[in-house]
Amino acid sequence: MTRNAWTRWPSPEALGRRGLSPHRRLLAWTVRLLVLGVLLGSTFTSTHAHGWQLLVGVGVVLLAALLGWSFYRTTFRHRLWPSLALVALAEGVGVLAQTSGFQVLALVAWCGCAVVVLERLPLAFGLPVAGVALGLYGAVNNHSPVTTLVTGAALGLGGYTLRLDADARGTAQRLLAQERAARAAEAESAALAERARIAREIHDVLAHSLSAQLVHLEAARLLIERGADREQILDRVVAARGMARDGLDETRQALSALRGELTPLEDFLTQLVATTGGAEATITGERRPLAAEASQAVRRVAQEALTNVRKHAPGAQVTVRLDYGAHQVTLDVRDSGGPPGELAAAGAGYGLLGMRERAELLGGSLEAGPGEEGFVVTLRVPA
């Protein structure tokens, strides 16, 4: 054994009542009451116990019970010297009982001390105290030396077995507490991750919708400053209103996605391309359902890329290609290029940065830059 094994206390979980089943608690109290009853019975049935001697015997029993209760409390708090003092008093109570003629009470007191100190004290202190108690027991009982030795060994083994059982129960209690704490931390982490996911969805919807509205409203402002006719301005305002309506639809889609009610990705891309002039969609590979996060990433990148085309290269031809690979899905959005639009400087330019962060969180990647003719956005996410 290591030095720590000799000097360490049993854990508070091992010394406490937590983790005990109702049946074991009932059994423990039954044993205590039975021992107390036996002690009181032996006192009253003693042939020489009369008058003040009977009162002394009852007082000794009650004092022993009080010392035992106090010992349980001090050992639970790992208070060594008060615990040793209480055991010494309990052994002294046994000596008092023996000198008063109550041998059964003395023997039970010493045997009880030997068992509980091995169960509840550090072994470096419990073993000597138990040795003293068993020595007193062996000195006054009327059995043969072999019987006394076997009884003492059995009491020591019983106390140590109770200690091992208590340690096992305490370890189980600590592991259970750690597991509960880990589950609580895991639940909190999952809640934070879900909040972050919801925040990303809301941000992506608002960023795309408001950016699209800004395109048309900024165009309307420029037309007003240049004195354009009413019809041109009205077209822009109506387009902005359409973008707001589309934003509401996208918000509903995002809420549906959060509830796990996504429309098929292919249908979404087809509808998105249909609302964008000069765009076409191509889908290759074996179609299969994607995880909600991967599906949402593809949708948002497609929306952001088409919005950027309307801002930076209005009138350009756009090709949207979705390829289902063996282990990943690739979205490729290319435009044919063209003169920059009037709103090329509108917006802060954080849309693709947010999409790149979303892709990296999924273990994928996003590349955006000039192509042979225009601009190319390529998203790859695990499937």
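Below: a short report on this structure.

Focus on the packing of aromatic side chains
What the rule picks out here adds up to 1 aromatic pair. With a centroid separation of 6.4 Å and 75 degrees between ring planes, the pair formed by Trp-81 and Phe-125 is classed as edge-to-face. Here Phe-125 lies in helix α7 (residues 123-140) and Trp-81 lies in helix α5 (residues 80-99), a separation of 44 residues in the sequence. Assessed through its relative accessible area of 62%, Trp-81 is described here as exposed. You can call Phe-125 partly exposed: its relative accessible area is 29%. Across the ring face of Phe-268, the terminal group of Arg-299 is positioned such that the distance to the ring centre comes to 5.1 Å.

Some remarks on unusual backbone geometry
Phi at His-78 takes a positive value of approximately 60 degrees, unusual for a residue other than glycine. Position of His-78 relative to the elements: it lies in the loop between α4 (52-76) and α5. Accessibility expressed as a relative area gives 29% for His-78, which makes it partly exposed.

A look at the packing of α5 against helix α6 (residues 103-120)
Between two packed helices, what matters for the description is the angle formed by their axes and the separation of those axes. Relative orientation of the contacting elements α5 and α6 amounts to 160 degrees, with a least axis distance of 7 Å. Taken together, α5 and α6 sit at an angle that is classed as roughly antiparallel. For the element pair α5 and α6, the recorded crossing hand is left-handed. Across the interface between the two elements, Val-87, Ala-90, Glu-91, Gly-94, Val-95, Ala-97 and Gln-98 of α5 pack against Gln-103, Leu-105, Ala-106, Ala-109, Trp-110, Cys-113 and Val-117 of α6. Here the contact of α5 with α6 is built from residues that sort into 10 nonpolar, 3 polar and 1 charged.

Focus: the pairing of strand β2 (residues 318-324)
Looking along a regular strand, one sees the side chains alternate between the two faces of the sheet. Side chains of β2 alternate between two faces, with Val-318, Val-320, Leu-322 and Tyr-324 buried and Thr-319, Arg-321 and Asp-323 left unburied. Crossover connection from strand β1 (residues 279-285) via helix α11 (residues 292-312) to parallel β2: handedness left-handed. In terms of strand pairing, β2 meets strand β3 (residues 328-335) through 7 bridges, oriented antiparallel. Within β3, the residue paired with Val-318 across the bridge is Asp-335. In this antiparallel pair of consecutive strands, β2 and β3, the connection spans 3 residues.

A look at the pattern of salt bridges
On inspection of all chains with the given rule, the structure shows 8 salt bridges. In this structure, Asp-165 and Arg-169 form a salt bridge, with 3.9 Å as the shortest nitrogen-oxygen distance. Taken together, the positions of Asp-165 and Arg-169, both in helix α8 (residues 145-225) and 4 residues apart, correspond to about one turn of that helix. Classification of Arg-169 as buried rests on a relative accessible area of 13%.

A closer look at the environment of Glu-91
If you trace the backbone, Glu-91 turns up in helix α5. You can call Glu-91 buried: its relative accessible area is 9%. Taking the C-alpha atoms as reference, Glu-91 lies 8.7 Å from Val-132; in sequence the two are 41 residues apart. Once residues lying within four places of it in the same chain are set aside, the contact partners of Glu-91 are Trp-110, Cys-113, Val-129, Val-132 and Ala-133.

Overview of α6
When the terminal C-alpha atoms of α6 are compared, their 26 Å separation across 18 residues agrees well with the 26 Å that a helix rising 1.5 Å per residue should span. Here α6 lies mainly inside the structure; 14 of its 18 residues are buried.

Details of the sheet that holds strand β5 (residues 375-382)
Read across the sheet, 5 strands follow the order β1-β2-β3-β5-β4 without closing on themselves; strand pairing throughout is mixed. Each edge of the open sheet is held by one strand with a lone partner, namely β1 and β4 (365-370). Here the average twist between neighbouring strands, direction ignored, is 10 degrees. Against the sheet, helix α10 (residues 265-274) makes contact with β1 and β2, and its axis sits at roughly 175 degrees relative to β2, the strand it touches most. Contacting β2, β3, β4 and β5, α11 runs over the sheet at an angle of about 175 degrees to β5.

Reading the values: the criteria
Each chain has its residues counted from 1, following the order in which its sequence is written. Reporting in this predicted model follows two pLDDT cut-offs: at least 70 for local features of residues, and 80 or more for side-chain atom pairs to be given and counted; totals over whole chains, interfaces and linings ignore these cut-offs and use all residues. Side-chain figures throughout are based on the complete set of non-hydrogen atoms in the structure, without hydrogens or water. Any pair of Phe, Tyr and Trp rings, taking the six-membered ring for Trp, is counted once the centres come within 6.5 Å. Such a pair is stacked with planes under 30 degrees apart, edge-to-face with planes over 60 apart, and tilted for the rest. Helix and strand assignments follow DSSP, with helices taken as H or I runs no shorter than four residues and strands as E runs no shorter than two, numbered in order from the N terminus. Buried residues are those whose accessible area, probed at 1.4 Å on protein chains only, stays under 20% of the maximum for their type, while exposed residues exceed 50% and partly exposed ones sit between those limits. Geometrically, a lysine NZ or arginine CZ counts as sitting over a ring once it is within 6 Å of the ring centre and also within 35 degrees of the ring normal. Every angle, taken between N-to-C directions, lies between 0 and 180 degrees, and every axis is a line fitted to C-alpha atoms, over only the stretch in contact when it is a helix. Each angle gets one of four labels, with under 35 degrees taken as roughly parallel, over 145 as roughly antiparallel, 65 to 115 as roughly perpendicular, and the rest as oblique. Should the near helix be turned anticlockwise from the far one by less than a right angle, the crossing is termed left-handed; should it be turned clockwise, right-handed. Two residues qualify as a contact provided that any one of their heavy atoms is within 4.5 Å of a heavy atom in the partner residue. Three categories are distinguished: nonpolar for Ala, Val, Leu, Ile, Met, Phe, Trp, Tyr, Cys and Pro, charged for Asp, Glu, Lys and Arg, and polar for the others, with Gly belonging to the last. A clockwise path from the first strand over the helix to the second, with the strands pointing away from the viewer, defines a right-handed crossover. Any two strands with at least two DSSP-identified bridges between them are counted as paired. A pair is scored as a salt bridge if a Lys or Arg side-chain nitrogen falls within 4 Å of a carboxyl oxygen belonging to Asp or Glu. Here, expected helix span is obtained from the residue count minus one, scaled by 1.5 Å.

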